[in-house]
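Below, each chain spelled out in residue letters.
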Amino acid sequence: MPYIFGKKENDLVTVESFVLVDDSLSQDDKNKGFYVNSAPQEEFIEGKVVIKTYLNLTTGVYSFDYADKPVEDSEKITQMQEEIDLLTLEIATLKGV
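Reference entry: report on the structure contained in this document. The structure displayed is predicted, hence computed values, not measured ones.

Basis of the calculations
- Residues numbered from 1 in each chain as written.
- Predicted model: local features only at pLDDT ≥ 70, side-chain atom pairs only at ≥ 80, totals over all residues.
- Heavy atoms only, no water.
- Helix = DSSP H or I, 4+ residues; strand = E, 2+ residues; numbered from the N terminus.
- Rg over C-alpha atoms; globule rule 2.2 N^0.38 Å.
- Contact = heavy atoms within 4.5 Å.
- Areas by Shrake-Rupley, 256 points an atom, 1.4 Å probe, with all protein chains shown as cover.
- Lys, Arg positive; Asp, Glu negative; His and termini not counted.
- Charge placed at Lys NZ, Arg CZ, Asp CG, Glu CD.
- Phe/Tyr/Trp six-rings, centres within 6.5 Å; stacked < 30°, edge-to-face > 60°.
- Buried < 20%, exposed > 50% of the residue type's maximum accessible area, 1.4 Å probe, protein only.

## A closer look at the overall build of the chain
1) Next: In terms of regular secondary structure, the chain is built from 2 helices and 5 strands.
2) Next: Scaling as 2.2 N^0.38, a compact globule of 97 residues should have a C-alpha radius of gyration of about 13 Å, whereas the chain reaches 23 Å, well beyond that.
3) Next: The principal-axis extent of the C-alpha atoms belonging to the chain is close to 75 × 25 × 20 Å.
4) Next: Summarising the internal contacts of the chain: among those between residues at least 6 apart in sequence, 38% fall at separations of at least 24.
5) Next: Counting every atom, the chain has about 7700 Å² of accessible surface; 53% of that belongs to carbon and sulfur.
6) Next: Both charge centroids of the chain, one from 9 positive and one from 19 negative side chains, sit 5 Å from each other.

## Description of the packing of aromatic side chains
1) Next: Overall, the coordinates contain 2 aromatic pairs when judged by the stated rule.
2) Next: Consider the rings of Tyr3 and Tyr35, whose centres lie 5.6 Å apart with planes at 65°: the pair is edge-to-face. Of this pair, Tyr3 sits in strand S1 (residues 3-9) while Tyr35 sits in strand S3 (residues 34-35), and the two are 32 residues apart along the sequence.
3) Next: You can call Tyr3 buried: its relative accessible area is 11%.

Given below as structure tokens:
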């Protein structure tokens, strides 16, 4: 069964790490963590990445903070080229070409 480790504030834990197999943990390590029924499973959101995971100890429900996924230079170039193409088409339409 999983254990999570993190900072606890009231009934909310900011998850810093988790271990799926509790046999690998010493009793001292187990005492530092929180036994849970399941590991966190974030929702996949296109273009986003999880930056923080929280566990409500009262309800056992995980929640997540997401941020925009960093865009690689090649993706930026492709997006800019698409914008240029669209603007070029709009200009041509306005000029009646």
